[in-house]
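# Close look at the chain arrangement
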Amino acid sequence: MRERGFTRWIVAVPMCLLALATIYPMLFTLNVAMKSRREYVLNQFSLADHLTAANVADAWSSSGLGRYTLNSIVVTAGAVALLLLLGSMAGYAFSQVTFRGRKWLFLVCLGALMIPFQVIMVPFFRVLGQVHLLDTYPGLILAYTGQFLPFTIFLMTSFYSRIPAEVVEAARVDGSTTLGVYRRIMLPLGRPALLSVGILNALFCWNDVLISLLVMQSEQHRTLMVGVTALRGQYSDNIPLFAGGVLVAAVPVIAIYLFFQRQITDGVTAGSTKG
Amino acid sequence: MTVSEEHTVIQEPQQAPAARQLQPATTARTTATRRRRLGEHQIAALVLVTPALLIIVGLRVVPLVLGAQYSLTGDGDRNGLFVGLANYRTLAADPVFRTAVKNVGLLFLALPVAVAIPGILATFLFLKVPGHRFYRSVYFFPVVLSPVIIGAIFNILLSVDGPLNQLLGVIGIGPVDWLGNPHLAIVSVIGVHIWATFGMALVIFMAGFSTLDQSLLDAARCDGANLPQTIRHVVVPELSQTIQFVFVTTMIGMLTGMFGLVYVMTAGGPGGATYLPEFYIWVTQGQLNSPALASAASMVLFLVMLVVGLAQIRLIKRATKEV
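Naming follows an unreviewed UniProt entry, where chain B appears as Multiple sugar transport system permease protein of Kribbella aluminosa. According to its UniProt record, chain B has this under Sequence similarities (unreviewed entry): "Belongs to the binding-protein-dependent transport system permease family." Under the heading Subcellular location (unreviewed entry), UniProt records this for chain B: "Cell membrane".

An unreviewed UniProt entry annotates chain A as Multiple sugar transport system permease protein originating from Kribbella aluminosa. A UniProt comment under Subcellular location (unreviewed entry) is attached to chain A, and it reads "Cell membrane". As its UniProt record puts it under Sequence similarities (unreviewed entry), chain A is described as follows: "Belongs to the binding-protein-dependent transport system permease family."

Structural data, given as structure tokens:
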């Protein structure tokens, strides 16, 4: 649609302001993280005297963030691997394999999308306790898999249904079994989808705090986001140090966003335009 | 690879020359093959689907049923005993839970704002204002950050002697206790949630715009429609499904995605003013050690979600038609 210069200007001003409002809080925090406590108290807005990662390093070494980061990596990697495996298997079956009860089972998976974790939190906690998986890596990995699997199946089904049926037919004529098609066609052809869905799930798991707070009870098993919530009490009188700790937790996500922006928005919009 | 070899044998009759297909014997054989192939499909499909279904049923559906059952039993020394609707009565009388429900009402009030902002922005971006790609990336960025990190950042920004109040001080507005004032705190938290998530709705709106029929826009222009008219008569009706979807997902996001923010920014305070049902459930289950009461609160939240979800069911139905 063609727009005159005048309209463009009217539009450009609020958009610019909003972009500023979106990005400034992050830049402010970055700046604060490089200041000394004294510098911050004197003037919150001034640019930091010099670029230093001293606060980040201090926060890292004095608060156990390293241990928490490792926990987060283990749990996120485990959950994403399991989600991609189970999600792509089911997604392939639902999109390309004709079998009895397909519609009903798919409906069960989608229906589970409407059960938020908050609603099943209490019995989930009890069940996990009964099978002795509370406060363990497998426990949290399973919790995340259960939480994000319906969405993963939904996305994988919609991605896989874009692969033309002729491709599958051709493979079958060449002698592939149904499971062979999964390994030889769905996995290689679905790589962009797997990347997209995998990154989305990694962000979900990495960013979660509620499930992790519930499942991981001991300090040594804390994930990074739970660790960050503890920083607040620890450094309440030293804002720059607090900002440094926050930065530690934010940097991996920022890096992923900068690298995989397109894949992330692809995943999000695939989930929306299909349903 | 014995399975695939076996399959090659089964496949053979199907590749019989087309000329022979009319012969009754071949037709019969093909049908038999098809039936056996369906059998192979059936087994393979079960292998593919069963692990996922076990996890979904075991970790989501079963807990939901258990939760409904827990909500009718007692806590403490009445643990496991059937108490009927006693927990629900306790909830109705609990001022903290009432605040949580009242705050859900506030969420509903905030919903039109949370949808309108990204809707208007997406329209601007669709019109390809200069730098639209840059704006899209910037606006979406907070979506990928954890609520915990966003909450922590705004803890710094909104503190009484923090930067926002210093800025307001410059234009002569005295320090506002954004997170300490019981009437203001929940508004601050909802505001931060909208700030953090509008990029999500924006991207969904833009996906909707990309499916918009360009010829309709051209026709509108030929008829001399101005921008507001075009939006009202072409864009809004064409995007009605997208708008509906954004309303539902934004509401669900508000009902289930604010725990991290509340936990970090206010911890439910001051005086329980920023409780939301999810936070109430968590505190009641963990700190207060009343899982049955927490289950009852869960069921109330689930009911609210179901009402919102009725719209979602319609959307899901549309999606399953493709299967």
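## Describing the overall build of chain B
A count of helices and strands for chain B gives 14 helices and 0 strands. Its helices and strands in sequence order give chain B the pattern α-α-α-α-α-α-α-α-α-α-α-α-α-α, from N to C terminus. Taken over 323 residues, chain B has a buried fraction of 50%. For chain B, contacts bridging at least 24 residues in sequence account for 65% of all contacts bridging at least 6. Total accessible area on chain B is roughly 15300 Å²; 66% of this is exposed by carbon and sulfur atoms.

## Some remarks on the interface of chain A and chain B
In this assembly, 102 residues from chain A lie in contact with 104 residues from chain B. For the pairing of chain A and chain B, the buried interface totals around 9500 Å² over both sides, and the portion due to carbon and sulfur atoms is 74%. Put simply, chain A and chain B have 1 salt bridge between them. With its nearest N and O atoms 3.2 Å apart, the salt bridge here joins Glu40 of chain B to Arg172 of chain A. Connecting chain A to chain B are 19 residue pairs in polar contact (both at pLDDT 80 or more). With 17 residues, the top contributor of residues to the side of chain A that touches chain B is helix H13 (residues 239-273) of chain A. Class assignment of the residues belonging to the side of chain A that touches chain B gives a composition of 67 nonpolar, 22 polar and 13 charged.

## Notes on the nonpolar core
Judged by nonpolar contacts, the single largest core of 179 residues is most densely connected at Ile153 of chain A together with Tyr139 and Phe154 of chain B. Of the residues forming this core, the biggest block, 15 residues, is contributed by helix H8 (residues 182-210) of chain B. Of the domains in this structure, domain 1 (1-57) and domain 2 (95-322) of chain B are the two that each give at least three residues to this core. The residues touching Tyr139 of chain B, leaving out its near neighbours within four places in the chain, are Met15, Leu18, Ala19 and Thr22 of chain A together with Leu121, Phe198, Gly199 and Leu202 of chain B.

## Points about the packing of aromatic side chains
One pass over the full model with this rule turns up 25 aromatic pairs over all chains. Measuring from ring centre to ring centre gives 5.6 Å for Phe259 of chain B and Tyr263 of chain B, while their planes differ by 15°; the resulting arrangement is stacked. One end of the pair, Phe259 of chain B, and the other, Tyr263 of chain B, are both in helix H12 (residues 259-265), 4 residues apart, so they sit about a helical turn from each other. Relative to Tyr280 of chain B, the ring of Tyr275 of chain B has its centre 6.4 Å away and its plane inclined at 70°; by these criteria the two rings are edge-to-face. Assessed through its relative accessible area of 13%, Tyr275 of chain B is described here as buried. A relative accessible area of 3% means that Tyr280 of chain B is categorised as buried. Between Arg126 of chain A and the ring centre of Tyr70 of chain B, over which it is positioned, the NZ or CZ distance is 4.1 Å.

## Let's talk about the UniProt feature "transmembrane region" (unreviewed entry) in chain B
All names here are of chain B. Those residues carrying the UniProt feature "transmembrane region" (unreviewed entry) are residues 43-66, 104-127, 139-158, 184-207, 245-266 and 292-311 in this numbering. For residues 104-127, helix accounts for 96% and strand for 0%, while the C-alpha atoms at its two ends are 35 Å apart. End-to-end, the C-alpha atoms of residues 184-207 are 35 Å apart, and along that stretch the chain is 100% helix and 0% strand.

## Some thoughts on the side chain of Thr250 of chain B
Within the secondary structure, Thr250 of chain B sits in helix H11 (residues 240-256). Not counting residues up to four positions away in its chain, the partners in contact with Thr250 of chain B are Leu111, Ala114, Val115 and Ala201 of chain B.

## Overview of the pattern of salt bridges
Residues and elements named next belong to chain A. Under the defined criterion, the tally for this structure stands at 3 salt bridges over all chains. Across the pair Arg262 and Asp266 runs a salt bridge, and its minimum N-O distance is 3.2 Å. With Arg262 and Asp266 both in helix H13 and 4 residues apart, the pair spans about one turn of that helix. The exposed category is assigned to Arg262, whose relative accessible area is 57%. According to the relative accessible area criterion, Asp266 is partly exposed, its value standing at 33%.

## Examining the UniProt feature "transmembrane region" (unreviewed entry) in chain A
Here, UniProt's "transmembrane region" (unreviewed entry) annotation points to residues 9-28, 70-92, 104-125, 137-156, 193-216 and 239-260 of chain A. With 100% helix and 0% strand, the stretch residues 70-92 of chain A has end C-alpha atoms that lie 33 Å from each other.

## Details of the UniProt feature "domain: ABC transmembrane type-1" (unreviewed entry) in chain A
If you check UniProt for "domain: ABC transmembrane type-1" (unreviewed entry), the listed places come out as residues 69-260 of chain A in our numbering. For residues 69-260 of chain A, the end-to-end C-alpha separation is 21 Å, with 80% helix and 0% strand making up the annotated structure.

## Considerations on the environment of Gly174 of chain B
With respect to the helices and strands, the residue Gly174 of chain B is situated in the loop between helix H7 (163-170) and H8. Separated by 75 residues in the primary sequence, Gly174 of chain B and Thr249 of chain B have C-alpha atoms spaced 37 Å apart.

## Brief notes about helix H10 (residues 227-238) of chain B
Residue and element names in this part refer to chain B. The end-to-end C-alpha distance of H10, which contains 12 residues, comes to 15 Å, matching closely the 16 Å that a straight helix rising 1.5 Å per residue would cover. What H10 keeps buried is the set Thr230, Val234 and Val235. On an axial view of H10, the arc spanned by its buried residues comes to 85°, and they lie on one face. Opposite the buried face of H10, by more than 90 degrees, sit the exposed residues Pro228, Arg232 and His233. Considering only its buried residues, H10 is in contact with H8 and helix H9 (214-222).

## Things to note about the packing of H9 of chain B against H10 of chain B
The axes of two packed helices give the description: the angle between them and the distance between them. Residue and element names in this part refer to chain B. Running from N to C, H9 and H10 point in directions that differ by 165°, and their axes come no closer than 10 Å. Here H9 is positioned roughly antiparallel relative to H10, judged by the angle of their axes. For the pair H9 and H10, the sense of crossing is right-handed. Contacts between H9 and H10 pair Leu216, Leu217 and Ala220 from the former with Thr230, Val234, Val235 and Glu238 from the latter. Tallied by class, residues from the contact of H9 with H10 come to 5 nonpolar, 1 polar and 1 charged.

Rules behind the numbers
- Residues numbered from 1 in each chain as written.
- Chains lettered and ligands numbered in written order.
- Predicted model: local features only at pLDDT ≥ 70, side-chain atom pairs only at ≥ 80, totals over all residues.
- Heavy atoms only, no water.
- UniProt positions renumbered as here; feature names shortened; annotations may be inferred.
- Helix = DSSP H or I, 4+ residues; strand = E, 2+ residues; numbered from the N terminus.
- Buried < 20%, exposed > 50% of the residue type's maximum accessible area, 1.4 Å probe, protein only.
- Contact = heavy atoms within 4.5 Å.
- Areas by Shrake-Rupley, 256 points an atom, 1.4 Å probe, with all protein chains shown as cover.
- Buried area = accessible area lost by both parts, 1.4 Å probe.
- Salt bridge = Lys/Arg side-chain N within 4 Å of Asp/Glu carboxyl O.
- Polar contact = N/O pair within 3.5 Å; in protein donor to acceptor, adjacent residues only side chain to side chain.
- Nonpolar A, V, L, I, M, F, W, Y, C, P; charged D, E, K, R; others polar.
- Core = buried A, V, L, I, M, F, W, Y, C linked by side-chain atoms within 4.5 Å.
- Domains from an automatic or database assignment.
- Phe/Tyr/Trp six-rings, centres within 6.5 Å; stacked < 30°, edge-to-face > 60°.
- Lys NZ or Arg CZ within 6 Å of the ring centre and 35° of its normal.
- Expected span 1.5 Å × (residues − 1).
- Arc of directions from axis to C-beta.
- Axes fitted to C-alpha atoms, helices over the stretch in contact; angles between N-to-C directions.
- Parallel < 35°, antiparallel > 145°, perpendicular 65-115°, else oblique.
- Left-handed = near helix turned anticlockwise from the far one by under 90°.

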